Amino acid sequence: MPGPGGRRFGTRIEKARDVRGTLRRLLGYLRPHRVTLVVATVLVITTTLLDLAGPYLNGVAIDRFITQRDLPGLARLVLLMLGIYIVIWALRVALARLMVGMVQKVMRTMREQLFGHLQNLSLSFFDQHPHGDLMSRLTNDLDALGRLLAQNVTDLIGGMLSLVGIVVMMFSINFWLALGSMFVFPLMLWFTGFVGKRTRQGFRDFQMRIGQLNGELEEIFSGQKVILAFGQEGATLAKFDEVNEVTRDVGIRAQTYATLIPPLMGIFSNANIAILAGLGGWMVIRGWATVGTIMTFYNYSRRFAGPLRQLGDLYNQIQSALAGAERVFELLDEVPEIQDSPDAVVLDDVRGDVIFDHVNFGYVPGVPVLKDMSFRAEPGRTIALVGPTGAGKTTMINLLSRFYDIQSGAVRIDGVDLRAYNKASLRRKLGVVLQDTFLFSESVMENIRYGRLDATDEEVIAAATLANADQFIGRLPQGYQTELSERGSNLSQGQRQLLSIARAILADPAILILDEATSSVDTRTEQHIQEALLRLMEGRTSFVIAHRLSTIRDADRILVINEGEIIERGTHDELLAQQGFYHHLHQSQFRGQPAVAGD
């Protein structure tokens, strides 16, 4: 994905697809719940053993009671079996409740860890990764993992115990019948392993494509107004169909492998029953087995096929969940490019003395964006940054906010390199008012309070008053408690800017950054915003990016940026007198308008 100025960041490192490593990491999340897992294992073993008693008791009923016409004995056995099945049901309910509670705790821990990790990743990471893919990992992949832990693990353990128990029971009852029943077992195991390898890769590719599809949808929904305005519905649909078609093909391939196991397990199961019927009938005729024994083996063979089919289905689901877990762990393994040094200091009392000292920076090595840039912003002064689009103005602000680290030189606040400060404390001292104001889907009060979460309602209202926002807020349906729609789309651009200024006033930053704060509003609204900005800038070191040169006439110093270099610097009048680049920009904006004193 391109970075600022259309440049491309480094490629993402591909992680090894290690099933064992993924399972080891999952076990790490389960260790705090060892007691719960032990209890769950005991419940699984108990229910499995009780379930194995059913076929055996059926055989006993035939040989001891039905053939002997012993109705009282048969009645007692039936009650015993009924009691066993009731106990099995109760234990399974308890097991499900136990596992669901444990898994939700694990999922909460993983969601918190993943979301917290995302908050610490550098801005460049989000430039490289579609937001829809990140959301898919936080939702779809974690949901698949949750299902694995809540249901599939206990089903897997129960199925394997059932298989082992059935084999043990059959061999203990009749060796030759058991041997005949095991004839197709190796074929089942081989087929499950053969298909499973391809199923896992298929589900991994499918979930990756789902993430891309989510990213496409997120971008389309965000840009719906632009799509409609330019009449690009057809082109957008065609692009979505292309991504959707690829997702469909990958999904078909994954599901095709997944659906191979159950029907073939059924074929193997029926073949096993046929072998058992032939061999068992011959043994009954020879007097080497009883009808009850054959019925017991028939039931065990059916039970044997059930866990095998279940394991086949579980294998597919487990492959899908492990593929999702790998994607989650890939995200957790991302290392933030911008990290605090071990001895980072907290930026507390700030004077606001900012120095760029021979700064060189580029988003891609070998492609410089800023070239040997040096200047000083003295405490309380206003520095205006002007120049054509792509000149490097926003990049300077990104470096001051330490969203990126420079390649050489230094950026200092109060004489200390930014890289020596704790990031969180640094950014708390910076106030930012952007051209494109982001508002949350919450009340007006809470959106302003985002500048300082511990602020009282009275402080929020005072900040809004200073920002000239109190009047329009009072006209909203519920005033400060009015809920805003996504990105504040039920407010005008000017109103959103005033809320952003109120938020910055509440934060009370030592250093202020204004990025085209008045470029998208009408003249009257601009006047209200300018008044609010003047109050906000008072006594603070301020950096103002502006294309409207009329808004920076009173700046203490204007830096003219072009192709990553400062080509002119001075006050408004000094730069006009130089008859250079700034003079040309000024003339192009004000040509045809009456001359203004001082120009």
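It should be emphasised that the depicted structure is a prediction, and the values quoted were computed from it without experimental measurement. The numbers attached to residues start from 1 for each chain and follow its sequence in the written order. Local features in a predicted model are, by the rule used here, given only for residues with pLDDT of at least 70; side-chain atom pairs are given and counted only at 80 or more, and totals for whole chains, interfaces and linings are based on all residues. Remark: hydrogens and water are excluded; side-chain values derive from all non-hydrogen atoms of the structure.

Quick look at the overall build of the protein chain now. Regarding its fold elements, the protein chain presents 19 helices and 10 strands. Classification of residues uses two cut-offs on accessible area relative to the type maximum, computed with a 1.4 Å probe and protein chains only: under 20% is buried, over 50% is exposed, and between them is partly exposed. Burial statistics for the protein chain: of 599 residues in total, 45% are counted as buried. Where accessible areas are quoted, they stem from the Shrake-Rupley method and a 1.4 Å probe; at the residue level, only the protein chains shown are allowed to cover. If you sum the accessible surface of the protein chain, you get close to 30,600 Å²; carbon and sulfur atoms cover 58% of it. Strands here are runs of E lasting at least two residues and helices are runs of H or I lasting at least four, both read from the DSSP assignment and numbered beginning at the N terminus.

A few words now on the side chain of Asp141. When you line up the elements, Asp141 lands in helix 5 (residues 131-173). By the convention used here, residues are in contact when the closest approach between their heavy atoms is within 4.5 Å. In this structure, Asp141 is in contact with Ser136, Gln207, Gly324, Arg327 and Val328, ignoring residues within four places of it in sequence.

Mapped onto the secondary structure, Ser425 falls in helix 12 (residues 423-428). A polar contact of 2.9 Å, which involves the side chain of Ser425, links it to the backbone oxygen of Asn422. In contact with Ser425, other than residues within four places in its own chain, are Val345, Val346 and Leu347. Here a polar contact is taken to be a pair of N or O atoms separated by no more than 3.5 Å, where protein atoms must pair a possible hydrogen donor with a possible acceptor and residues adjacent in sequence count only if both atoms sit in side chains.

Each aromatic ring pair is specified by the distance between its two centres and by the angle formed by the two planes. The rule is short: rings of Phe, Tyr and Trp, with Trp giving its six-membered ring, pair when the centres are within 6.5 Å, and they are stacked under 30 degrees, edge-to-face over 60, tilted in between. Taken as a whole, this structure holds 9 aromatic pairs when the rule is applied. Between Tyr363 and Tyr404, the aromatic rings sit 5.2 Å apart at their centres with planes inclined by 80°, giving edge-to-face as the arrangement. Here the residue Tyr363 occupies a position in the loop between strand 1 (354-361) and strand 2 (370-377), and Tyr404 occupies one in the loop between helix 11 (393-400) and strand 4 (408-413), the gap between them amounting to 41 residues. Both residues of the pair, Tyr363 and Tyr404, count as buried. Their ring planes at 65° and their centres at 6.4 Å tell us that Phe375 and Phe543 sit as a pair that is edge-to-face. With Phe375 in strand 2 and Phe543 in strand 8 (residues 541-545), the pair connects residues that are 168 residues apart, well separated along the chain. Note on Phe543: relative accessible area 1%, which makes it buried. One aromatic cluster in this structure is built from Phe171, Phe175 and Trp176.

Bringing the pattern of salt bridges into the picture now. Any two side chains of opposite charge can pair, given that their charged atoms come close. Within this document, salt bridges are pairs made up of a side-chain nitrogen of Lys or Arg and a carboxyl oxygen of Asp or Glu, the two lying within 4 Å of each other. In this structure the tally under the stated criterion is 17 salt bridges. Across the salt bridge formed by Arg25 and Asp333, the nearest N and O atoms sit 2.9 Å from each other. Here the residue Arg25 occupies a position in helix 1 (residues 19-30), and Asp333 occupies one in the loop between helix 10 (291-332) and strand 1, the gap between them amounting to 308 residues. Here Arg25 falls in the partly exposed class, since its relative accessible area comes to 33%. By sharing partners, the salt bridges in this structure join Glu245, Arg248 and Asp249 into a single network.

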